[in-house]
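# Report on the structure
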Amino acid sequence: MVKRLSQLTPYSKAVILDALQKVGFSTVPNVERHIADIFCSTSKESLTLLKNLCDAGGTHRDLQRLIFFEMRSAQLREKIVNHFQSEANKFKDYKSELKILSDIDDTLCCKLYDRRWPWGTIYPGVRQFYRELDIEKDEAGRVGDLVFLTARPSGYKGIVENSTHALLKSSGLHTQPSILAGATTHFLGNSRMAVMKSRNFGQYAQLYPEYRFAFIGDSGQGDVALAEMMLKEEKIKLEGVFIHDINGTPTERQVQLKVFRIFFFTNYSAAGAYAYQIGLIGFQGLLRIFQGSIRETKAVSFSARRKNQQAARLRDLYTVLLTVQKHSSTFVPTSEPRKTDLSIKELIHEFEEEFKDLMSHEIMRGPFDTEMVVLPKGLLKRSRDSPRNLSSSDLLGFQAPNVRSPGNKKKM
């Protein structure tokens, strides 16, 4: 059996694993041993491909569910996870790729407590931000490493999780993402949600030990606490955390957490600026995020009585554009530009043309804080090296501020 498995391609093995999940474990004798044989007969790049294929189906049947929920044999589960780690250790001279983990509500789209945008808005620039992180700085990354980490339960036979997949398919993302789902018992508070998400992330990291990770969340419920838990895991290569600040986190707290590569932002152009400065995306990728943010902001329909809100969001975006222009020595590459490259000057001109009817609004008048998203040189070390050398009191114990909301809705 094992000898024959070694002759199969990762694509053939993925089809077999998917079929075993569909028919159910009770119908196939020794099914868990066969699953272990399939994974353990696969190595290095082929194993990475096989794992990603298991997560590419766009349904609740994914790799995490297979290994950590459907397999009952702890011994075989440990054998598989140890094999994953053993194969990952063979990538020592290989630049590992980046998995992007993201929350959904108030991170991808305005759903719960964020009142700054019309309800249901997909945040301008967020889809391009995901894409740039996925292809990375050299634009050569494998596309398809987007994962949503949510407290939404999977539901009976994955009904809720599959409906979330359908929602994401309609969101215009550049790839079909995976989902790490939660459970209804974790709707009882921020701390429980953070613990549940941390458990899911820990399991996922065991499945992909050859990868680096970035996390995008929001400040409304639990995601800052979750980021702090992630930083405690010494084996996990966490490159950066990006927190959508929807409730005005105190500036001193934001500055404190930057040391650990936890960055607070109010728009995805600012998130892109941070990602560029720590080397996760390229400069042209940053400008593409700017461009997407400008055009998608233009498409958002604000009611007449919410023009002040629209102007405030435009000011946030304009401030980031002016910051990059002012600090050209920090942001702009010295290499000779290509004819097809975007330029910050052109984007500022595009912004001013697109929103010239609002440029005279009092909210759009200066001065502008053109220092906010600039990271001082030498401030940051790699997140996997620096946090563990500092006092735990500097890092732990912080809970995101409580946010009151009509109806006391719980984040999903």
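Residues numbered from 1 in each chain as written. Predicted model: local features only at pLDDT ≥ 70, side-chain atom pairs only at ≥ 80, totals over all residues. Heavy atoms only, no water.

## As for helix 2 (residues 10-23)
The end-to-end C-alpha distance of helix 2 is 20 Å, a good match for the 20 Å that 14 residues give at a rise of 1.5 Å each. For helix 2, the set of buried residues is Pro10, Lys13, Ala14, Leu17, Leu20 and Gln21. Projected onto a plane normal to the axis of helix 2, the buried residues spread over an arc of 125 degrees and lie on a single side. In helix 2, those exposed residues whose orientation departs by more than 90 degrees from the buried face are Tyr11, Val15 and Lys22. Just downstream of helix 2 lies Gly24, where phi reads positive at about 95 degrees. (Helix = DSSP H or I, 4+ residues; strand = E, 2+ residues; numbered from the N terminus. Expected span 1.5 Å × (residues − 1). Buried < 20%, exposed > 50% of the residue type's maximum accessible area, 1.4 Å probe, protein only. Arc of directions from axis to C-beta.)

## Observations regarding the confidence of the model for the protein chain
Residues at a pLDDT of 70 or more form 83% of the protein chain, whose mean pLDDT is 82. Averaged pLDDT values over the elements of the protein chain bottom out at 36 in helix 17 (residues 392-395) and peak at 96 in helix 7 (residues 126-135). Residue range residues 382-412 is modelled with pLDDT below 50. Its contacts to residues more than four positions away, or to other chains, number 78 contacts. (pLDDT = per-residue confidence, 0-100. Contact = heavy atoms within 4.5 Å.)

## Re the pattern of salt bridges
Under the defined criterion, the tally for this structure stands at 21 salt bridges. Among the salt bridges present, the one from Glu87 reaches Lys90, with a minimum N-O distance of 2.9 Å. The class for Lys90 is partly exposed, based on a relative accessible area of 47%. Arg253 serves as the salt-bridge partner of Glu228, at 2.7 Å between the closest nitrogen and oxygen. Of this pair, Glu228 sits in helix 10 (residues 223-232) while Arg253 is found in helix 11 (residues 251-258), placing the two residues 25 residues apart along the sequence. A relative accessible area of 3% means that Glu228 is categorised as buried. A residue is classified by how much of its surface remains accessible, and Arg253, at 10% relative accessible area, is buried. By sharing partners, the salt bridges in this structure join Arg131, Glu132, Glu139 and Arg288 into a single network. (Salt bridge = Lys/Arg side-chain N within 4 Å of Asp/Glu carboxyl O.)

## So, the packing of aromatic side chains
Tallied over the entire structure, the rule returns 19 aromatic pairs. A centroid spacing of 4.9 Å and a plane angle of 15 degrees characterise the contact between Tyr318 and Phe351, whose relative ring orientation is stacked. Of the two residues, Tyr318 sits in helix 14 (residues 307-326) while Phe351 sits in helix 16 (residues 344-354), which places them 33 residues apart along the sequence. Judged by relative accessible area, which is 8%, Tyr318 ranks as buried. Under the relative-accessibility criterion, Phe351 is labelled buried at 0%. (Phe/Tyr/Trp six-rings, centres within 6.5 Å; stacked < 30°, edge-to-face > 60°.)

## A word on the side chain of Gln128
Mapped onto the elements of the fold, Gln128 is located in helix 7. You can call Gln128 buried: its relative accessible area is 19%. A polar side-chain atom of Gln128 sits 2.5 Å from a polar atom in the side chain of Glu132. The contacts of Gln128, once residues within four sequence positions are left out, are Arg288 and Ile289. (Polar contact = N/O pair within 3.5 Å; in protein donor to acceptor, adjacent residues only side chain to side chain.)

## Quick word on the packing of helix 13 (residues 283-299) against helix 16
In the contact formed by helix 13 and helix 16, the axes pass within 10 Å of each other and the chain directions differ by 5 degrees. Overall, the two elements helix 13 and helix 16 adopt an arrangement that is roughly parallel. Note on element contacts: helix 16 touches helix 13 through Ile344, Leu347, Glu350, Phe351 and Glu354, opposite Leu287, Phe290, Gln291, Ile294, Arg295 and Lys298. Tallied by class, residues from the contact of helix 13 with helix 16 come to six nonpolar, one polar and four charged. (Axes fitted to C-alpha atoms, helices over the stretch in contact; angles between N-to-C directions. Parallel < 35°, antiparallel > 145°, perpendicular 65-115°, else oblique. Nonpolar A, V, L, I, M, F, W, Y, C, P; charged D, E, K, R; others polar.)

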